[in-house]
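# An overview of the molecular structure
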Amino acid sequence: MTDCIFCKIINGEIPSKKVYENDFVFAFDDINPKAKVHTLVVPKVHVESLNELEDEKIMAEILKGVKEVAKIKGVKSYRLQVNTGKAEGQEVMHLHFHVLSNTVERKEN
Ligand code: AMP
């Protein structure tokens, strides 16, 4: 989607601090972190919100991406947030899973 900020990040048109990427998902640090670790995991295809996500392969890949991010960031304890719909705080209309943790067990390289 041409005017989607997260699509532009995935395409490299807007810079980001990439944490992880595979064929299905892209993960990058949130620009305005709410915790010591605050990374967003997004599907590479444009899906507006969780409500529009039908593809079970992508559902699985997002959760695998979350676990990869936790491993890369050195966190065993973390929480996920998926704001779904503007009324519950979704500001960017491209599905994203917030991975949040304040219990980092080792420093990043
Ligand atoms: P939400 O309110 O769930 O839609 O969350 C959107 C998140 O995207 C917020 O936590 C923002 O800080 C984050 N965000 C917006 N623009 C960028 C960007 N260019 N790079 C990284 N994170 C961003």
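Details of the structure are given in the entry above.
This write-up is about the structure you can find in this document. Since this is a predicted model, take the numbers as computed values, not measurements.

On to the site of the ligand. The immediate surroundings of the ligand are formed by 17 residues, with Asp30, Asn83, Gly89, Glu91 and His96 found nearest. Between the ligand and His96, the relevant distance is 2.8 Å, taken from an oxygen atom to a side-chain nitrogen or oxygen of the residue. Between the ligand and the protein, one listed contact pairs an oxygen atom with a side-chain N or O atom of His98 at 2.9 Å. Considered on its own, the ligand offers 510 Å² of accessible surface; in the complex 87% of this is hidden by protein. For the ligand, the cavity whose grid points lie within 2 Å of the majority of its atoms is the largest pocket. Put simply, the parts of the chain that give the shell around the ligand at least two residues each are α1 (5–11) and β2 (25–29). Among the elements that take part in the shell around the ligand, α1 stands out by supplying 3 residues, more than any other.

Take the sheet that holds strand β1 (residues 18–21) next. Taking strand neighbours across the sheet as the criterion, the 5 strands line up as β1-β2-β3-β5-β4 in an open arrangement whose pairing is antiparallel. The sheet is open, and its two edges are formed by β1 and β4 (79–81), each paired on a single side. Each strand axis lies, on average, 20° off the axis of its neighbour in the sheet, ignoring direction. Examined bridge by bridge, β1 and β2 share 3 bridges and lie antiparallel to one another. Paired with Lys18 across the bridge in β2 is Phe28. On the sheet, helix α2 (residues 56–73) packs against β1, β2, β3 (37–43), β4 and β5 (97–101) and is oriented at approximately 155° with respect to β3.

What counts, and where the lines are drawn
Residues numbered from 1 in each chain as written. Predicted model: local features only at pLDDT ≥ 70, side-chain atom pairs only at ≥ 80, totals over all residues. Heavy atoms only, no water. Near = heavy atom within 4 Å. Polar contact = N/O pair within 3.5 Å; in protein donor to acceptor, adjacent residues only side chain to side chain. Areas by Shrake-Rupley, 256 points an atom, 1.4 Å probe, with all protein chains shown as cover. 1 Å grid on protein atoms, 1.4 Å probe; cavity = no way out; pocket = protein on both sides within 12 Å on 5 of 7 lines; lining within 4 Å. Sits in = over half its atoms within 2 Å of the grid points. Helix = DSSP H or I, 4+ residues; strand = E, 2+ residues; numbered from the N terminus. Pairing = 2+ DSSP bridges. Axes fitted to C-alpha atoms, helices over the stretch in contact; angles between N-to-C directions. Contact = heavy atoms within 4.5 Å.

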